[in-house]
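Observations on chain architecture
Listed below, chain by chain, are the residues.
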Amino acid sequence: MNAVASAKSVLRSRVKRILGRAGFDIVRSTRVQGGVDDFLPFEATMRAAKAAGLSIGDHIDEVMNGTPGATRFTIDELRGLGVYAAEPETVLEIGPGSGRYLEKTLKECSPGRYEIYETAAPWADYLVSTFGVVARPTSGSSLAPTPDGSVDLVQAHKVFNTVTFLCAVRYFYEMARVTRPGGRIVFDVMTETCLDPDTVHAWATKGGSGHDSYPAAMPRRMCVDLFETLGCTLEAGFPAPMGVASTEVLVFRKNA
Ligand SMILES: C[S@@+](CC[C@H](N)C(=O)[O-])C[C@H]1O[C@@H](n2cnc3c(N)ncnc32)[C@H](O)[C@@H]1O
């Protein structure tokens, strides 16, 4: 570790200690609670990232989740699959939270409209004022304000492993509805490919206390079959780090 990296690491430990003493709980992704404002308190998280000299996304990856480069990895994989080369004019993201994927998506492409559906108001407000995205009224699993076939890229990252089965599948129908023919649907879920016996053991023994629906598993076959009936074909799947293990990112294309 060079001198700068070592100084940053010391600073991060100090910030954590100071915030801890001040009553702020810097939690890891294995303790996801209802909304991102519960598990990532807006003010404290922003302050901690600033003090560590990191972007909010890098702070979450490196300091809070202990998975440096995790967001970058997924974005790089999606670039390799041609998701951004398609130059999406309209992007819709469900549950962007701190905006760590949103920020990197906007570095890869320049959509004219970027809609978000986010239940945590402080983070939604921050994303609107920082990136000029459009926050849609968000309740349950509805994308009702977005017209049919109007979006080129619909995405959700680290959302469907935190909500109930019904919340996720209701969003799946909506994602297929709003996607334009030829458009992409990208999301990650904790499928059976992420759950070999050793990994299940890791979750059971090192996965923290969990919370309600987190971590939620989702059958891969069901996703593929369901989206097929909705006119969407699976193009690719790849693992992405999450908590003590991983989720699987699925990339679908809406049939033209
Ligand atoms: C684990 S966080 C992931 C945040 C972000 N995508 C990331 O990877 O850093 C889950 C996000 O989904 C949001 N969320 C939870 N339920 C939701 C719902 N029904 N509709 C939209 N967003 C929701 C939470 O507020 C939070 O921002």
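In this report, the structure presented in the accompanying data block is examined. Residue indices follow the written sequence of each chain, beginning from 1 at its first position. Reporting in this predicted model follows two pLDDT cut-offs: at least 70 for local features of residues, and 80 or more for side-chain atom pairs to be given and counted; totals over whole chains, interfaces and linings ignore these cut-offs and use all residues. For side-chain calculations, the full set of non-hydrogen atoms in the structure is used, while hydrogens and water are omitted.

1. A look at the pattern of salt bridges
- Here a salt bridge means any side-chain nitrogen of Lys or Arg lying within 4 Å of a carboxyl oxygen belonging to Asp or Glu. Summed over all chains, the structure comprises 17 salt bridges.
- Here Asp148 ties to Arg177 by a salt bridge, and the two come within 2.7 Å at their closest N and O atoms. With Asp148 in the loop between β3 (134-135) and β4 (151-156) and Arg177 in helix α8 (residues 165-178), the pair connects residues that are 29 residues apart, well separated along the chain.
- Note on classification: 1.4 Å probe, protein chains only; a residue is buried when its accessible area is under 20% of the maximum for its type, exposed when over 50%, partly exposed between these limits. For Asp148, a relative accessible area of 57% gives the class exposed.
- For Arg177, a relative accessible area of 23% corresponds to the partly exposed category.
- The shortest N-O distance in the salt bridge between Glu235 and Arg253 comes to 2.8 Å. You can see Glu235 sitting in strand β6 (residues 232-242) and its partner Arg253 sitting in strand β7 (residues 245-254), a full 18 residues away along the chain.
- Since its relative accessible area comes to 32%, Arg253 is described here as partly exposed.
- Among the charged side chains, a network of salt bridges with common partners joins Arg72, Asp76, Arg79 and Glu108. Numbered from the N terminus, helices here are DSSP runs of H or I no shorter than four residues, and strands are runs of E no shorter than two.

2. What about the side chain of Glu248?
- Relative to the helices and strands, Glu248 resides in strand β7.
- Its relative accessible area of 7% is what places Glu248 among the buried residues.
- Contacts described as polar in this section are N or O atom pairs within 3.5 Å, which, within protein, must combine one atom able to donate a hydrogen with one able to accept it, while residues neighboring in sequence count only if both atoms come from side chains. Here Thr193 takes part through its side chain, which lies 2.7 Å from a polar atom of the side chain of Glu248.
- At a separation of 2.9 Å, a polar atom in the side chain of Glu248 contacts the side chain of Arg220.
- The contact criterion used throughout is that any non-hydrogen atoms of two residues lie within 4.5 Å. Residue contacts for Glu248: discarding those within four places in its chain leaves Phe187, Asp188, Val189, Thr191, Thr193, Cys194, Arg220, Gly237, Phe238 and Pro239.

3. As for the sheet that holds β7
- Taken together, the 7 strands give an open sheet; going across it, the order is β3-β2-β1-β4-β5-β7-β6, and neighbouring strands pair in mixed fashion. Every interior strand has two partners, whereas the edge strands, β3 and β6, have only one.
- Where strand β1 (residues 90-94) and strand β2 (residues 113-117) come together, 5 bridges link them in parallel fashion. Directly across from Thr90, in β2, lies its bridge partner Arg113.
- Packed onto the sheet, helix α6 (residues 100-108) meets β1, β2 and β4 and runs at close to 170 degrees relative to β2. Note: two strands are recorded as paired if DSSP finds a minimum of 2 bridges between them. Here, axes are lines fitted to C-alpha atoms. For helices the fit covers the stretch in contact, and angles between N-to-C directions go from 0 to 180 degrees.

4. Describing the site of the ligand
- Near the ligand there are 22 residues, and of these Gly95, Arg100, Glu118, His157 and Tyr171 occur at the shortest range.
- Here an oxygen atom of the ligand and a side-chain polar atom of Glu118 are 2.5 Å apart.
- In the environment of the ligand, an oxygen atom lies 3.3 Å from a nitrogen or oxygen atom belonging to the side chain of Thr119.
- About the coverage of the ligand: the protein hides 94% of its 590 Å² of free accessible area.
- When residues of the shell around the ligand are traced back to their parent elements, those giving at least two are α2 (36-39), α6 and α8.
- Nonpolar residues are Ala, Val, Leu, Ile, Met, Phe, Trp, Tyr, Cys and Pro. Charged residues are Asp, Glu, Lys and Arg, and all others, Gly as well, are polar. Class assignment for the residues of the shell around the ligand results in 11 nonpolar, 8 polar and 3 charged.
- All domain edges in this entry derive from an automatic or database-based domain assignment. The two domains that each donate at least three residues to the shell around the ligand are domain 1 (3-64) and domain 2 (70-254). Note on definitions. A residue lies near a molecule or strand when any single heavy atom of the residue is within 4 Å of it. Each accessible area is a Shrake-Rupley result for a 1.4 Å probe, and residues are judged covered by the shown protein chains and nothing else.

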